[in-house]
Amino acid sequence: MPSKIRIWKWLALSFWIILGVGGLTLLVAAIQSKNIRTCKNVLVEIKGGQKKFFIDEKEVMNLLAANQPVTFKGKPLREFDLKKLEGILETNAWIENAELYFDNQQALHIKVQEKIPVARIFTLNGNSFYVSNKQEKLPLSNKFSARLPVFTNFPSEKNKWRGKDSILMEQVKAISAYIQQEPFWMAQIEQVDILPDKTFVMIPKVGNHEIHFGDGENIAAKFNRLMVFYKEVLSKTGWNTYTSVNIQYKGQVVAVRRDAKTIKADTARTHTWVKKIFNNTQQEVLDDTLNRARQNSGAFKPLIENNPDTHSMKMSASKTNPFPGKLNNEPGTKGSVSAEKPKPKALMPEVKNW
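What counts, and at which threshold
Residues numbered from 1 in each chain as written. Predicted model: local features only at pLDDT ≥ 70, side-chain atom pairs only at ≥ 80, totals over all residues. Heavy atoms only, no water. Helix = DSSP H or I, 4+ residues; strand = E, 2+ residues; numbered from the N terminus. Polar contact = N/O pair within 3.5 Å; in protein donor to acceptor, adjacent residues only side chain to side chain. Phe/Tyr/Trp six-rings, centres within 6.5 Å; stacked < 30°, edge-to-face > 60°. Buried < 20%, exposed > 50% of the residue type's maximum accessible area, 1.4 Å probe, protein only. Lys NZ or Arg CZ within 6 Å of the ring centre and 35° of its normal. Pairing = 2+ DSSP bridges. Axes fitted to C-alpha atoms, helices over the stretch in contact; angles between N-to-C directions. Contact = heavy atoms within 4.5 Å.

Enquirer: Sorry, what's going on with the side chain of Glu114 here?
Expert: Among the secondary structure elements, Glu114 is positioned in strand E3 (residues 107–114). At a separation of 2.7 Å, a polar atom in the side chain of Glu114 contacts the main-chain amide nitrogen of Phe54.

Printed below as a string of structure tokens:
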């Protein structure tokens, strides 16, 4: 009986020895196979927020090869330090993330995620850069210029923003994002100037006026008010009728009239620009945006006061009686406009959702 037990022990031990030797042999063979394998191909994939990219395949390969005329094809796989190569790529200012790996056909895959610029910035000193969606400062590219909203007079030259500058940059990003998602505003807003008090003034392509936007809060509501003013007032009185349009205060739009001679002189040029911009952005875009503005504001109707210098558009949330007051001096008439004395600046009651 004891002899049988010893035999089984020897058999079990022999089995494990053979299994271990076999596994070790396979491991050594796999290592040797890897050591003799070489890179057969290199595939580069670049993703980003633009249709065109700020970096290209050639620049990626130059970064990986340390700008040396070296090709990866034919290079033994054992000589590739993929983590190190990923780190080299991610030192580039325009690369958000890099991933490298080999597939079963021994092809090297290089996947690059480009940083997404959201605005073009000009500082008070005239320097220019892009800002990313993660509030990072990005250099300009000699390959192409991104079609983005332009902001001027940014107060800081630093690479990292803190405190008030960081808050201001967040507002820049928010305004820029809204402009980009609306084709009409993307075509209409030429640039956005930053004032010393950290408020914004927009310069339009069509219409010789300034748009006083205020701070970067309630962005959608302000653009809705401006769209209503464009549609209901400027489209009828002329796009050069006013020197400035103020939309920063809730529930009101205040515009300052231009000299009559200047209006007449600018009529032909403005007509051409208006036709061009509306053809490029399609009338449906304007109508859709206006409909959203109507839904947000309730019933509204512009009230033009007999003031040669100031136009104020008042809005009311009441659908049954949008303009309570008097008409033709008849007391008690509902839904009418009163013949009040003109005021230099008409204040509007608060309107829900504006």
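Now that the structure has been shown, the text picks up again.
Enquirer: I keep staring at unusual backbone geometry and nothing clicks. Help me out?
Expert: The phi torsion of most residues other than glycine is negative, and most of the peptide bonds are trans. Phi at Gln106 takes a positive value of approximately 60 degrees, unusual for a residue other than glycine. The phi dihedral of Gln135 is positive, around 60 degrees, even though this residue is not glycine.

Enquirer: Looking at this structure, how should I read the packing of aromatic side chains?
Expert: Centre distance and the angle of the planes are the two values used to describe a pair of aromatic rings. Enumeration over the complete set of coordinates arrives at 16 aromatic pairs. Plain terms: the ring middles of Phe151 and Phe200 are 6.3 Å apart, the flat faces sit at 80 degrees to each other, and that makes the pair edge-to-face. Here the residue Phe151 occupies a position in strand E7 (residues 150–154), and Phe200 occupies one in strand E9 (residues 200–204), the gap between them amounting to 49 residues. What makes Phe151 buried here is its relative accessible area of 0%. An angle of 10 degrees between the planes, with centres 5.1 Å apart, marks the rings of Tyr178 and Phe223 as stacked. Here Tyr178 is found in helix H4 (residues 163–181), whereas its partner Phe223 is found in helix H6 (residues 219–237), with 45 residues between them in sequence. Site record: aromatic cluster; members linked through ring pairs are Tyr178, Phe184, Trp185, Phe213, Phe223, Tyr230 and Trp239. Its guanidinium or amino end placed over the ring of Phe80, Lys75 lies 4.9 Å from that ring's centre, counting from NZ or CZ. Over the aromatic face of Tyr130 sits the side chain of Arg120, whose NZ or CZ is 5.5 Å from the ring centroid.

Enquirer: Explanation requested: the sheet that holds E3 in the structure shown.
Expert: Sheet strands associate in pairs through backbone hydrogen bonding, adopting either a parallel or an antiparallel arrangement. Read from one edge to the other, the open sheet built from three strands follows the order E1-E3-E2, with strand pairing classed as mixed. The open sheet terminates on both sides in strands that have one partner only, identified here as strand E1 (41–47) and strand E2 (95–102). Neighbour to neighbour, the strand axes of the sheet diverge by 15 degrees on average, direction disregarded. Direction of pairing for E1 relative to E3: parallel, over a ladder of seven bridges. Its bridge partner being in E3, Asn41 is matched across the sheet by Ala107. Contacting E1, E2 and E3, helix H2 (residues 57–64) crosses the sheet at an angle of about 120 degrees to E1.

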